[in-house]
Every structure is written in C-alpha cells, then in structure tokens.
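Chain by chain, the residues:
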Amino acid sequence: GAVVSQHPSRVICKSGTSVKIECRSLDFQATTMFWYRQFPKQSLMLMATSNEGSKATYEQGVEKDKFLINHASLTLSTLTVTSAHPEDSSFYICSARGVGNQPQHFGDGTRLSIL
Amino acid sequence: AQSVTQLDSQVPVFEEAPVELRCNYSSSVSVYLFWYVQYPNQGLQLLLKYLSGSTLVKGINGFEAEFNKSQTSFHLRKPSVHISDTAEYFCAVSETGYSTLTFGKGTMLLVSP
C-alpha cells in the first residue's frame with residue numbers, strides 16, 4: 001500500500017529554535033499534502049493544505065509566517081516551525097494523496113517538544 | 001459546515017467481547033465517511049470508508065460500519081475484539097471525497113484480558 005514517511009519522529013529543542021519536519025510519499029506522487037496538529041487526547045486539526053508547486057492554503061487561525069510549508073516536489077513537503085516556543089509543542093502529522101480521488105495516507109507523526 | 005461527534009471518549013471492553021464505537025455527523029450535503037485507527041505515537045491508518053452503495057461497509061482487522069442516513073450515524077463495530085485492538089479510533093467526514101477531512105475527537109478503545 002501507499003507509504004508516507006515523516007521525519008523526524010521526535011524533536012526536543014530550545015525555545016527560539018526553528019524546526020523542520022519532512023513528509024515524503026515513498027511510492028506515489030503526492031499532488032496534495034496536508035499538515036495536521038494534534039494536542040494530547042484531542043482530535044487532528046487541519047493546519048494547511050498544499051498542492052505541489054503552489055502556495056499552501058492555511059486554515060483560519062494558523063499563522064502562515066509561523067508555520068512555513070513548502071511543497072516543491074511531488075514526493076516531498078516540509079513544515080518549518082519558526083522560532084518555536086513551548087506552546088508550539090504538539091504532535092504534528094502529515095498526510096498525502098495522489099492524483100484523482102485518492103484517499104489520504106498518513107505519516108507516523110512528529111512529536112515536537114519545545115523547552 | 002460539516003461536523004463529527006464521537007460521544008464516547010473511552011470504551012473499555014474485555015477481550016473477545018463485541019464492541020460498538022459511535023459516530024454521528026452533521027452536514028448539509030452528501031458525505032463520505034471514514035474510520036481511522038491511531039496506535040500510540042503513530043499516524044492514522046484507514047480502517048474503512050463509505051463513499052456510496054451498500055450501507056454496510058467492511059474494513060480491515062474485522063471491523064465493519066453501517067451508514068444510517070436517517071440517523072446521520074456511522075457506527076463502528078467488531079464482533080470480537082483482541083488486546084491488539086487497543087487504540088484511538090477516529091471518525092471522519094468529508095463533503096468533497098478524500099480532500100478535506102473533519103475528524104471527531106476520537107474514542108479510546110481499551111481491551112483488557
């Protein structure tokens with residue numbers, strides 16, 4: 001089945017650091033990628049949707065300058081949390097879908113902890 | 001706008017017992033419905049989906065769900081659970097196929113021996 005790889009799985013860093021998370025589709029071309037944030041014991045909240053070669057569409061309340069998304073190729077999207085602070089600590093999950101009416105395939109998530 | 005309600009935040013059951021996880025949705029148009037499972041510190045895995053056709057949908061790991069349009073429900077069932085079924089289960093709805101998913105808050109299924 002379709003595989004989405006997310007890296008790193010866990011990041012612990014100091015406040016003020018910028019952190020980059022990668023999301024790769026390993027065996028299909030991902031025309032659309034999604035970035036979600038999940039707080040403990042909560043559901044997934046969609047942060048943004050990105051189409052290859054286009055600017056990401058951010059959900060209401062998500063700061064685009066804080067959460068930079070790049071989807072430069074059909075197999076890679078990155079989320080950069082700029083100048084991270086403790087309140088940015090969360091579980092971030094990406095998903096990817098291919099051409100046509102294809103289901104979203106999820107990565108294993110990244111646990112981000114800001115000290 | 002679409003929304004999903006999972007009334008039970010936690011469902012404890014004994015191994016080999018049947019289980020039902022409830023999901024109700026709200027939408028002004030036709031919807032696609034999904035159930036995902038999430039194991040600790042992992043992403044989501046699709047269990048099953050309803051797009052159209054038969055209202056009884058069978059998925060992986062012995063799970064099934066029934067779409068009930070009049071009750072706007074899509075409850076997940078398994079006749080006999082295993083310890084390994086312990087996980088968080090999310091119901092999701094989309095009005096546009098697989099594009100934008102709206103998730104419920106999740107139900108933690110706790111299976112004990």
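Residues numbered from 1 in each chain as written. Chains lettered and ligands numbered in written order. Predicted model: local features only at pLDDT ≥ 70, side-chain atom pairs only at ≥ 80, totals over all residues. Heavy atoms only, no water.

Visitor: Is there a simple way to explain the pairing of strand β5 (residues 44–51) of chain A in this structure?
Guide: Residues in a regular strand point their side chains to alternate faces of the sheet. All names here are of chain A. In terms of burial, β5 is a largely internal element, six of the eight residues being buried. Note that strand β4 (residues 32–38) and β5 share seven bridges and pair antiparallel. Looking at the pairing, Y36 lines up with L46 of β5. Remark: five residues form the turn of the hairpin made by β4 and β5, two consecutive strands paired antiparallel; K41 in that turn has positive phi of roughly 55°. As paired strands, β5 and strand β6 (residues 57–58) are joined by two bridges and run antiparallel to one another. Across the sheet, residue T49 finds its bridge partner in β6, namely T57. Joining the antiparallel neighbours β5 and β6 is a turn of five residues, in which G53 adopts a positive phi near 85°. (Buried < 20%, exposed > 50% of the residue type's maximum accessible area, 1.4 Å probe, protein only. Helix = DSSP H or I, 4+ residues; strand = E, 2+ residues; numbered from the N terminus. Pairing = 2+ DSSP bridges.)

Visitor: Help me understand the pattern of salt bridges, please; the structure alone is not making it clear to me.
Guide: Opposite charge on two side chains allows them to pair when their charged atoms are near. All names here are of chain B. Counted according to the given criterion, the structure contains seven salt bridges over all chains. A salt bridge links R22 to D8; the shortest N-O distance between them is 2.9 Å. Within this pair, whereas R22 is found in the loop between β3 (19–21) and β4 (24–26), its partner D8 is found in the loop between β1 (3–5) and β2 (10–14), the two being separated by 14 residues in sequence. Between D85 and K78 there is a salt bridge; the shortest N-O distance is 2.8 Å. Residue D85 is classed as buried on the basis of its relative accessible area, which comes to 3%. Accessibility expressed as a relative area gives 7% for K78, which makes it buried. (Salt bridge = Lys/Arg side-chain N within 4 Å of Asp/Glu carboxyl O.)

Visitor: Please explain the interface of chain A and chain B as it appears in this structure.
Guide: It is common to give the size of an interface as the accessible area that goes away when the parts come together. Contacts between the two partners involve 19 residues from chain A and, on the opposite side, 16 residues from chain B. Carbon and sulfur atoms supply 54% of the area buried between chain A and chain B, which totals about 1,400 Å² over both sides. Contact with chain B buries surface across chain A, with A:S43, A:N101 and A:F106 losing the most and accounting together for 30% of the total. Inspection of the chain A/chain B interface yields zero salt bridges. For the pair chain A and chain B, the number of links is three residue pairs in polar contact (both at pLDDT 80 or more). (Contact = heavy atoms within 4.5 Å. Buried area = accessible area lost by both parts, 1.4 Å probe. Polar contact = N/O pair within 3.5 Å; in protein donor to acceptor, adjacent residues only side chain to side chain.)

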